[in-house]
Amino acid sequence: MTAVVVVVALVATTLGVAALVRRPLPQVSGALRVPGLDAEVTVTRDARGVPAIRATTSHDLFMAQGFTHAQDRFFEMDYRRHVTSGRLSELVGFNQDALDADHVIRTFGWRNVAEQELSILAPETREYLEAYADGVNAYLATRSAQGLGIEYTVLGLQVDVAEPEPWDPVDSLAWLKAMAWDLRGNFDEEFSRAALYAALRDVDRVNELFPPYPETVNTPIVTPAELASATKEGADDGAPGGESDTDAEPVVGGSVDAILGSSALDRALEAAQRALDAVPELLGNGEGVGSNSWVVAGEHTASGLPLLANDPHLGISAPGIWSQQSLRCATVGPQCPFDVSGFTFAGLPGVIIGHNADLAWGLTNLGADVTDFFVERVSEDGEYLYDGEMRPLTVREETIHVNGGESYVLEVRSTAHGPIVSDVFGLESIERVPVAPSPSRPATELAVSLAWTALTPGHTADAVFAFATAATPADIAKAAALFEVPSQNIVFATVDGQIGYQAPGKIPVRAAVDGAVLPTDGTWPRPGWDPDFDWQGYVDAEDMPSALDPAEGFVVAANQAVTPASEDPFLTQDWDYGYRSQRIRDLLVERTAQGPLTGEDMSQVQLDAHSSYADVLVPWLLAIEIDSEFDAAGQELLREWDRSMDVDSAAAVYFAAVWQNLLELTFHDELPTDQRPDGGSRWLEVIRTILEDPRSAWWDDRTTVGVEEGRDEMLSRALVGARAELTQRLGKDPADWSWGKLHLAAPEHAVLGGSSIPAPVRALMNPRPLGVAGGSSIVNANGWDAADPEGSFRVNWSPSMRMVVDLADLDASTWVVLTGASGHPGSRHYTDQFTAWATGETFAWPFSPTAVTNAARETLTLRPAS
């Protein structure tokens, strides 16, 4: 990147840089001819550049959506399609992270699955995808690469930048695989259990780090009474899914129990983990990826009709993940049924979350277990053991091209369960060897394959358009049956006053296996050689949990358990532990007792920064005696603290430092580096459990000899250490401390925002960091990673948007996104929502034709070519 530094330093001293940055800005007023349109389309933009599209046909509507997405965010779209196709190296040139990502995603075969998916979708869905692609390509035809995004100009200083390929419907569908990957279920926990066993050699101690969901403390989404009322007529009374009893034969060839902890299995699992870690996070990943959503019935609102709130917690990026848009047919009817507004993904037609004229819906990650890792016995001649016999592996070759460099061959091997992921980097045959010659692959005793529901073609794209036109709870149920991956909680409300919840998703059914020591519910890797451990089908859509007009008058879905553990179907063992969802429930109960709720009340709940961690831990911390007056000054902050992680709070930053220290002192001496606590809700539940046992083995510092530390010693060390740390970082006087000084939201550009990029380029692409309130497992979920090796409190995931929909007056609804509507750093709309987002402000969300017209600041008319 030396050339980049030199060039940027030169042009920065001239007006040329301004011209380069502004060159990609699109025309947003006047008129343009667009080949392929049937009739005129109007695109108005409000004060924040958010487009509202009005067309006479569905074809024109989605063609115009593709056109406007390309205007605002084509590089983001192009980057996403290169990632999801395993072709990132073709865009950015040789970069080890990009090359690794290409290897893994080609192994998954995301684009291959998307190609198969296109053919099974409803005809109208294919038409919408094709119209969208036509709109993108119509815009591409008017611009060179450098006119599409400043990123192409910068990349062109080190690699050849060709004109972008035409957009294809498969490009849109492949993005759904990335969405499903980042929002998958207990993937990390399944690997963690095996990795922790390798370190601890004790299943009971591993299980202590994965405590059961505390359903007596934190209420599940749907209660047993609501489940009973939602039971469909004629439903099977038997267990519809999850772990069920079978008369299984003894395990063939030995179970995973017998080899758990063996060096061979440890190596295979480590290799698989390394491969999977190479996948870029396009939506975000980790403990904090989740969301808040709730819906309140009219009996509790000032208007007498429902209010619905949603704020998905995803990775923090520039531009932000969501693109706001409104899509309206001039005359809504069977030929053009859309009148919908909300949050979209650039690169995909339709609206993912939002409302139409009849119904609003929100999504949060359900977290169902839709992945399993199968340990396979593979022979050196390309076979694997299954049901007592050797079967041939399925083998295909992929060629990975690098812009300006070599091409690489990748041999992908698969079993009946899925692609083998443990040898992506682990075997000599793909050690960055050029295409010719192709070396042979050595034998592998144990390998790990991935079974994942998203690797089977599905109908999620059909569901996107079904949500957009849904008007009733029955419509939501039909759309949910199509929404196979990722599995999401759906809350909804209608303009005639109904509220409800629906769980969708393609959820594997796993059988209980006689003779297995470890659970067979998907929480541990499974033996691939025994068919009794295979998935036994999928939970029927009509058996998925739902609730309609619950008696308490609200539904909260914030990644907690969907139902009590005793209820079928079995969805997962690894939920968020529900402290955030319970806080929302408590606030709704408290506020409804004070009077009817308004949209502003909903917004205030979204901004709540109360820490359940503090509720659990502060009483124990205040009971510790600290002799030094200097050290005790930190502890004193906690005595009068309201336990809210406010941006200007000294107590909040001190408590965060104490929490980080406590996790390090308690667990780092025994756990592998990659399994150290991230500070999420699971670790809160672990700490809550062991606080009651002052002599728990976890409190003991294994690095000291002849000394057995206890709970109070570790709490004292955490308090004193936090005082010293913050003195060094923020100053001696606690009056100078504040949470916002260290807890920074710093959106980063995916390609040109990282630490390896020259500072002038980073300064252009990355918005200036802002201090924010909130934290992990807090309603205002600006989460941070307590395992960060640098001890940073920087935000890793956050509310990617906030919306409140007022079903009594849709024009009274509000919304905001993380950064802004535009993906161009030269646009004022690149970051014009960032400060408002950080401080908790939202903007009016116009929907009716009159409101859209009144909000319009620019109007662009798209006309047919002739």
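Here, the structure is the one placed above.
The rules behind the values
Residues numbered from 1 in each chain as written. Predicted model: local features only at pLDDT ≥ 70, side-chain atom pairs only at ≥ 80, totals over all residues. Heavy atoms only, no water. Helix = DSSP H or I, 4+ residues; strand = E, 2+ residues; numbered from the N terminus. Rg over C-alpha atoms; globule rule 2.2 N^0.38 Å. Buried < 20%, exposed > 50% of the residue type's maximum accessible area, 1.4 Å probe, protein only. Contact = heavy atoms within 4.5 Å. Areas by Shrake-Rupley, 256 points an atom, 1.4 Å probe, with all protein chains shown as cover. Disulfide = S-S within 2.5 Å. Phe/Tyr/Trp six-rings, centres within 6.5 Å; stacked < 30°, edge-to-face > 60°. Pairing = 2+ DSSP bridges. Axes fitted to C-alpha atoms, helices over the stretch in contact; angles between N-to-C directions. Parallel < 35°, antiparallel > 145°, perpendicular 65-115°, else oblique. Nonpolar A, V, L, I, M, F, W, Y, C, P; charged D, E, K, R; others polar. Expected span 1.5 Å × (residues − 1). Salt bridge = Lys/Arg side-chain N within 4 Å of Asp/Glu carboxyl O. Bend = angle between axes of the 7 residues up to and from the residue.

(A) How the structure looks around the overall build of the chain. If you tally the helices and strands in the chain, you get 27 helices and 29 strands. Computed over its C-alpha atoms, the radius of gyration of the chain comes to 27 Å, within 12% of the 29 Å expected for a compact globule of 866 residues. Each principal axis of the C-alpha distribution contributes one length, and for the chain these read about 85 × 70 × 70 Å. Counting every position in the chain, which comprises 866 residues, the buried fraction comes to 62%. Sequence separation of at least 24 residues holds for 74% of the intrachain contacts in the chain that already meet a minimum separation of 6. Roughly 30900 Å² of accessible area belongs to the chain as shown, and the carbon and sulfur atoms make up 49% of that amount.

(B) Region of the structure containing the state of the cysteines. Counted by the stated rule, this structure contains one disulfide. Here Cys329 connects covalently by a disulfide to Cys336, the sulfurs 2.0 Å from one another. Measuring handedness by torsion sign, the sulfur bridge of Cys329 and Cys336 sits at about -80 degrees and is left-handed. Of the two residues, Cys329 and Cys336, neither departs from the other in class, the shared state being buried.

(C) Fine view of the packing of aromatic side chains. Inspection of the entire model under this criterion finds 37 aromatic pairs. Ring centres of Phe74 and Trp167 lie 6.5 Å apart, and the angle between their planes is 70 degrees; this geometry places the pair in the edge-to-face category. Of the two residues, Phe74 is situated in helix H3 (residues 58-84) and Trp167 in the loop between helix H8 (150-155) and helix H9 (169-182); the sequence distance between them amounts to 93 residues. As far as the burial class goes, Phe74 and Trp167 line up, both buried. Taking the centre distance of 4.3 Å and the plane angle of 45 degrees together, the rings of Phe191 and Phe373 count as tilted. You can see Phe191 sitting in helix H10 (residues 187-200) and its partner Phe373 sitting in strand E11 (residues 371-377), a full 182 residues away along the chain.

(D) Structural context of the pairing of strand E29 (residues 858-863). Both strand E1 (residues 30-33) and E29 contribute to a ladder of four bridges, which runs parallel. By the bridge assignment for E29, Arg33 is matched with Arg863.

(E) Focus on the packing of helix H19 (residues 612-622) against helix H21 (residues 650-667). Remark: H19 packs on H21, axes separated minimally by 12 Å, with the N-to-C direction vectors making an angle of 80 degrees. Classified by the angle between their axes, H19 and H21 sit roughly perpendicular to one another. Of the residues in H21, those touching H19 at Tyr613, Ala614, Leu617, Val618 and Leu621 are Phe655, Val658, Trp659 and Leu662. Residues of the contact of H19 with H21, tallied by class, amount to nine nonpolar, no polar and no charged.

(F) Spatial organisation of helix H14 (residues 263-277). End to end, H14 covers 21 Å across 15 residues, agreeing with the expected 21 Å (1.5 Å per residue, within 8%). Looking only at H14, the buried set comprises Ala264, Leu265, Asp266, Ala268, Leu269, Ala271, Ala272, Gln273, Ala275 and Leu276. Of the surrounding elements, those touching the buried residues of H14 are helix H5 (96-108), H9, H10, helix H13 (256-259), E11 and strand E16 (446-452).

(G) Representation of the pattern of salt bridges in the model. Applying the stated criterion across every chain, the model contains 37 salt bridges. Among the salt bridges present, the one from Arg106 reaches Glu398, with a minimum N-O distance of 3.1 Å. Remark: Glu398 occurs in strand E14 (residues 394-401) and Arg106 occurs in helix H5; sequence separation between them is 292 residues. Relative accessible area serves as the criterion here: at 10%, Arg106 is assigned to the buried category. Of the charged contacts in the structure, one is a salt bridge between Arg591 and Asp601, with a shortest N-O distance of 3.2 Å. Note that Arg591 is positioned in helix H17 (residues 579-594) and Asp601 in helix H18 (residues 599-606), a separation of ten residues in sequence.

(H) Just the sheet that holds strand E10 (residues 359-365), in detail. Spatially, E1-E29-E2-E3-E7-E8-E9-E10-E17-E18-E21 is the arrangement adopted by the eleven strands of the open sheet, whose pairing is mixed. A single partner strand is all that each edge strand has here, and the edge strands are E1 and strand E21 (546-548). Strand-to-strand, the axes of this sheet are offset by a mean angle of 15 degrees, without reference to chain direction. Taken together, the seven bridges between E10 and strand E17 (residues 488-494) define a ladder with antiparallel strand orientation. Paired with Leu359 across the two strands is Thr494, which belongs to E17. The strands touched by H3 are E1, strand E2 (41-45), strand E3 (51-55), strand E7 (323-329), strand E8 (339-344) and E29; relative to E7, the strand with the most contacts, the crossing angle is about 160 degrees. Packing against the sheet, helix H15 (residues 460-469) makes contact with E8, strand E9 (353-356), E10 and E17, and its axis sits at approximately 40 degrees to E9.

(I) How the structure looks around H3. An ideal rise of 1.5 Å per residue puts 39 Å on 27 residues; H3 reaches only 27 Å between its terminal C-alpha atoms. Maximum bend of H3: about 95 degrees, positioned at Arg73. Most of H3 is tucked away, with 26 of its 27 residues classed as buried. Directly after H3, the chain includes Gly86, whose backbone phi takes a positive value near 70 degrees.

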